[in-house]
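So you can see what is in the structure, the chains are spelled out below.
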Amino acid sequence: MYTGIVHGAYPLAAVVRKPGLHQLSIDLPPLLLDELVIGASVGLDGVCMTVTGINGARVSFDAMQETLSLTTLGELNEGDGVNVERSAKQGAEIGGHNISGHVDGCAEIIAIEESENNCTLHFRLPQGLSKYVFKKGFIGVSGCSLTVADYRRDEAEFTVCLIPETLRVTTFAHKRVGDRVNIEVDRQTQVIVDTVERVLAERGS
């Protein structure tokens, strides 16, 4: 479980591509290495990954085919930055919202508006996820807990507004139109929507 408050963005130190599996390695700072062990969970761009190797500051993860197909991790190369968050500890402050690290799909950046101290990103959602997104609701974007600033249901498009601190500690400052990001919808919203749909369907049958 994660909070969606990214600890920082770090470049991939190595990407080893094997049939049906990519091994991703990243050098982490001492703060993120503290008590980290093989088998622990770390969020990479919003994807819950298991630590498979630790060699000094270098930490390795194995991304299997299902992960590569559903997320952006399969598109990454050595040097590309990823948002990193250690899994939440019991009793820790949740500054964002609960994120499972189970990505629902990828959205495309369709526009970027920048002005002094402001940055607004516009995304287009994949089919099937639009019903779980609401204006002022939570959404996980590449591991970041963000608030939906605006939403156009008919076009399946939503926007988020980023403060300078978010741009500083994440990869969003380097994103361009056409880039894809990992999306995790708010699980509570998903449960409510699916439950209402099921009840209405049962009543209509």
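(A) Examining the sheet that holds strand S7 (residues 105-115) more closely. Taken in spatial order, the seven strands make up an open sheet running S10-S9-S13-S7-S8-S12-S11, and their pairing is antiparallel. The open sheet has two free edges, formed respectively by strand S10 (144-147) and strand S11 (150-152), since each of these has just one partner strand. Looking at each pair of strands side by side, their axes are set apart by 35 degrees on average, direction ignored. Bridge count for strand S9 (residues 138-141) against strand S13 (residues 180-185) is three bridges, and the pairing is antiparallel. Within the sheet, the bridge partner assigned to Ile139 lies in S13 and is Val185.

(B) Highlighting the nonpolar core. Phe123, Leu125, Val141, Phe158 and Ile183 are the most contacted members of the largest nonpolar core, which totals 26 residues. Not counting residues within four places of it along the chain, the set of residues in contact with Val141 comprises Phe123, Leu146, Phe158, Phe172, Val181, Asn182 and Ile183.

(C) Highlighting helix H4 (residues 187-204). Taking 1.5 Å of rise per residue, 18 residues should cover 26 Å, and H4 covers 26 Å from first to last C-alpha, within 8% of that figure. Those residues of H4 that sit buried are Thr189, Gln190 and Val193. For H4, the angular spread of the buried residues around the axis is 100 degrees, confining them to a single face. Across from the buried face of H4, at angles greater than 90 degrees, the exposed residues are Gln188, Val191, Ile192, Glu202 and Arg203. Turning to H4, the residues buried within the fold contact S13.

(D) Focus on unusual backbone geometry. With a phi angle near 65 degrees, Asn117 is a residue other than glycine that sits in the positive phi range. As for its position among the elements, Asn117 is in the loop between S7 and strand S8 (118-124). We note that Lys136 has phi near 75 degrees; this positive angle belongs to a residue other than glycine. Tracing the chain through its elements places Lys136 in the loop between S8 and S9.

About the thresholds
Residues numbered from 1 in each chain as written. Predicted model: local features only at pLDDT ≥ 70, side-chain atom pairs only at ≥ 80, totals over all residues. Heavy atoms only, no water. Pairing = 2+ DSSP bridges. Helix = DSSP H or I, 4+ residues; strand = E, 2+ residues; numbered from the N terminus. Axes fitted to C-alpha atoms, helices over the stretch in contact; angles between N-to-C directions. Core = buried A, V, L, I, M, F, W, Y, C linked by side-chain atoms within 4.5 Å. Buried < 20%, exposed > 50% of the residue type's maximum accessible area, 1.4 Å probe, protein only. Contact = heavy atoms within 4.5 Å. Expected span 1.5 Å × (residues − 1). Arc of directions from axis to C-beta.

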